[in-house]
Amino acid sequence: MSAARKRVAVVGVGTMGSQAAWRLAARGAEVVGYDRYAPGHDRSAAGGETRIFRSAHFEDSRYVPLLKHADALWEQLQEETGRELRRLTGCLLMGPTDHHQMATVLQSIAEHDLDHEVLDAELLAKRFPQYRIEDGDAAVLDRRAGFIRPELTIQTAARRAEQLGAVIRRYSTVREIVPVAGGVEIRTDSGSERFDTAVVTPGPWVNDLLPDLPWEVDVRRLVSAWYVPTTPEAWFGEERPAFIRTAPTHCYGLPSPDGISVKLGLSRALHQPAGDPNQLDRTVRPEELEVFSDLIGRYMPGLHPDPTRLSVYMEGYTESSRPLVGPLPGAENVILLAGFSGHGFKLSPAFGNIAADLALDGTSPQPIDFISTLGRTEA
Ligand SMILES: Cc1cc2nc3c(=O)[nH]c(=O)nc-3n(C[C@H](O)[C@H](O)[C@H](O)COP(=O)(O)OP(=O)(O)OC[C@H]3O[C@@H](n4cnc5c(N)ncnc54)[C@H](O)[C@@H]3O)c2cc1C
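About the thresholds
Residues numbered from 1 in each chain as written. Predicted model: local features only at pLDDT ≥ 70, side-chain atom pairs only at ≥ 80, totals over all residues. Heavy atoms only, no water. UniProt positions renumbered as here; feature names shortened; annotations may be inferred. Near = heavy atom within 4 Å. Polar contact = N/O pair within 3.5 Å; in protein donor to acceptor, adjacent residues only side chain to side chain. Helix = DSSP H or I, 4+ residues; strand = E, 2+ residues; numbered from the N terminus. Nonpolar A, V, L, I, M, F, W, Y, C, P; charged D, E, K, R; others polar. Domains from an automatic or database assignment. Buried < 20%, exposed > 50% of the residue type's maximum accessible area, 1.4 Å probe, protein only. Pairing = 2+ DSSP bridges. Right-handed = clockwise from strand over helix to strand, strands pointing away. Salt bridge = Lys/Arg side-chain N within 4 Å of Asp/Glu carboxyl O. Core = buried A, V, L, I, M, F, W, Y, C linked by side-chain atoms within 4.5 Å. Contact = heavy atoms within 4.5 Å. Axes fitted to C-alpha atoms, helices over the stretch in contact; angles between N-to-C directions.

An unreviewed UniProt entry annotates the chain as N-methyl-L-tryptophan oxidase originating from Streptomyces montanus. The Cofactor (unreviewed entry) comment attached to the chain in UniProt states, word for word, "FAD".

Right under this line is the structure:
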């Protein structure tokens, strides 16, 4: 069957699903997307105004070619839609020189010749007085980096997919995905539809939808907190990079696009299990804020320590932090993309295109062996 006539379901039109729907529709597939809410909602892994885009990777330098692929597709989606989905304001990566994540950043930069600057303590204090670093810390400015607007991105990719012929069934929860001879059946409360292939991108609902998944995805509850600077000129001057501190407490932050506050977030180890994704506890207790106050006192004393806004999201983590990308064992027509472990947004156009490759051609030219579900024994 030719790619142009393939019927593909996209289950979950969130971060990955909206991009997959765009790429599939652009490549001539007949696409039907399903979401339990509507594209751009903030009840799962996306939401909270901003996500960091960066070119240097501190987790694993094998992501850099995928980031370059994503980078080109970010530009393409902006061009096709006329929307500013991200802004390249840079990202400061800071942390102990001898920590493995800082070493991976420097390895990514050297291996892939990435546009960057290494800042010593004196230069950092002059250019970015809002941050403190400690003895033995390095600071690297990744220049092809900045912030993405998550809600706008998902809506824009989904709308673009619709313009290209995709149909999106909003407020339509998929209850079951059933492989059948030569295809797959998608069951919702209003009936079932048959497709050649399903791209399954349910985010934090992955265990709910696929209870027999052979890999563990640990769904966590992530708190984002916004703080107003007492020194706004330092945070909202000409340069407004995002930042990531790798250690001893991994954290990150972004000056908000409105120029008023700075959003802070923490790493996986500091997040509680989410429990049932349909019953997410969105109450933030005062004790959950202590780690934020400590970080502000130590590294960003120019932020007022009382948050002006708090939000709670969910994300699925694998043991290795590498996502699950590829067919489900024993069901080659069901392509899973899940467990993005806190770093999927920046890569989402690349993963959407990879989903389209796998759904339409059965393989992808992108270097995905290290994250593929094929032959994977650990998460
Ligand atoms: C607070 C926070 C900060 C982050 N910061 C960054 C960052 O700075 N940079 C970065 O690159 N990444 C970041 N990430 C990670 C990134 O946001 C996620 O990896 C990414 O959003 C995951 O996308 P997804 O498509 O798997 O999930 P989602 O975007 O949650 O999409 C899943 C979709 O599936 C739908 N769905 C679920 N079940 C069903 C069903 N049964 N039927 C129909 N629809 C269903 C949901 O409604 C949802 O729309 C962050 C994550 C969080 C939570």
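K.L.:
Whenever I open this one, the site of the ligand confuses me. Can you help?
P.N.:
Around the ligand sit 34 residues in total, of which Thr15, Asp35, Ser44, Ile52 and Glu315 are the nearest. The backbone of Ala45 places a nitrogen or oxygen atom 3.0 Å from an oxygen atom of the ligand. With respect to the ligand, the backbone of Phe345 contributes an N or O atom lying 3.0 Å from an oxygen atom. Looking at the shell around the ligand, the elements with two or more residues in it are helix H1 (15–26), strand E3 (51–53), strand E14 (218–227) and strand E19 (309–317). Sort the elements by how many residues they give to the shell around the ligand and E19 lands first, with three residues. By residue class, the composition of the shell around the ligand is 16 nonpolar, 13 polar and five charged. Taken domain by domain, the shell around the ligand gets at least three of its residues from each of domain 1 (3–47 + 151–215 + 320–361) and domain 2 (89–147 + 218–317).

K.L.:
I would appreciate a short explanation of the pairing of strand E2 (residues 30–34) in the present structure.
P.N.:
Working note: regular strand, side chains alternate between the two faces of the sheet. Among the five residues that make up E2, four are buried, leaving the element largely enclosed by the rest of the structure. As paired strands, strand E1 (residues 7–11) and E2 are joined by five bridges and run parallel to one another. In the sheet register, Val8 faces E2, and the bridge partner there is Val31. In terms of handedness, the path from E1 via H1 over to E2 forms a crossover that is right-handed. Bridging between E2 and strand E9 (residues 167–169) involves three bridges; their strand directions are parallel. Residue pairing in the sheet places Tyr34 in a bridge with Arg169 of E9.

K.L.:
Is there a simple way to explain the pattern of salt bridges in this structure?
P.N.:
A side chain of one charge can pair with a side chain of the opposite charge if their charged atoms are brought near each other. Within the structure shown, the criterion is met by 29 salt bridges. For Arg27, the salt bridge is made with Asp361, and the minimal N-O distance between the two is 3.4 Å. With Arg27 in the loop between H1 and E2 and Asp361 in helix H9 (residues 348–361), the pair connects residues that are 334 residues apart, well separated along the chain. Owing to a relative accessible area of 26%, Arg27 belongs among the partly exposed residues under this scheme.

K.L.:
Quick question: what am I supposed to make of the nonpolar core here?
P.N.:
As a rule of thumb, nonpolar side chains are buried together in soluble globular proteins. Among the nonpolar cores identified, the biggest contains 57 residues, and Ile177 and Leu336 are the most heavily contacted of them. Formed jointly, this core draws a minimum of three residues from each of two domains, domain 1 (3–47 + 151–215 + 320–361) and domain 2 (89–147 + 218–317). Ignoring anything within four residues of it in the chain, the contact list for Ile177 reads Val11, Val184, Glu185, Ile186, Val200, Leu209, Leu210 and Val334. Counting residues in hydrophobic clusters, the runner-up holds 43 residues, among them Val31, Ala46, Leu347 and Leu358.

K.L.:
Honestly, the environment of Arg298 in this entry has me stumped. Any pointers?
P.N.:
Secondary-structure assignment places Arg298 in helix H8 (residues 290–299). The exposure class of Arg298 is partly exposed, given its relative accessible area of 43%. Beyond its immediate sequence surroundings of up to four residues, Arg298 is in contact with Arg132, Glu134 and Pro248. Here Glu134 takes part through its side chain, which lies 2.8 Å from a polar atom of the side chain of Arg298. Only 3.1 Å separates the side chain of Arg298 from the side chain of Tyr299, close enough to count as a polar contact.

K.L.:
Just to check I follow, could you spell out the sheet that holds strand E12 (residues 191–195) for this structure?
P.N.:
What holds strands together in a sheet is hydrogen bonding between their backbones, with the strands either parallel or antiparallel. In spatial order, the strands read E10-E11-E12; together these three strands make up an open sheet with antiparallel pairing. Sheet topology places strand E10 (174–180) and E12 at the edges, where each strand pairs with a single neighbour. Taking each pair of neighbouring strands and ignoring which way they run, the sheet shows an average axis angle of 20°. Here five bridges tie strand E11 (residues 183–188) to E12, and the two strands are oriented antiparallel to one another. Directly across from Arg187, in E12, lies its bridge partner Ser192.

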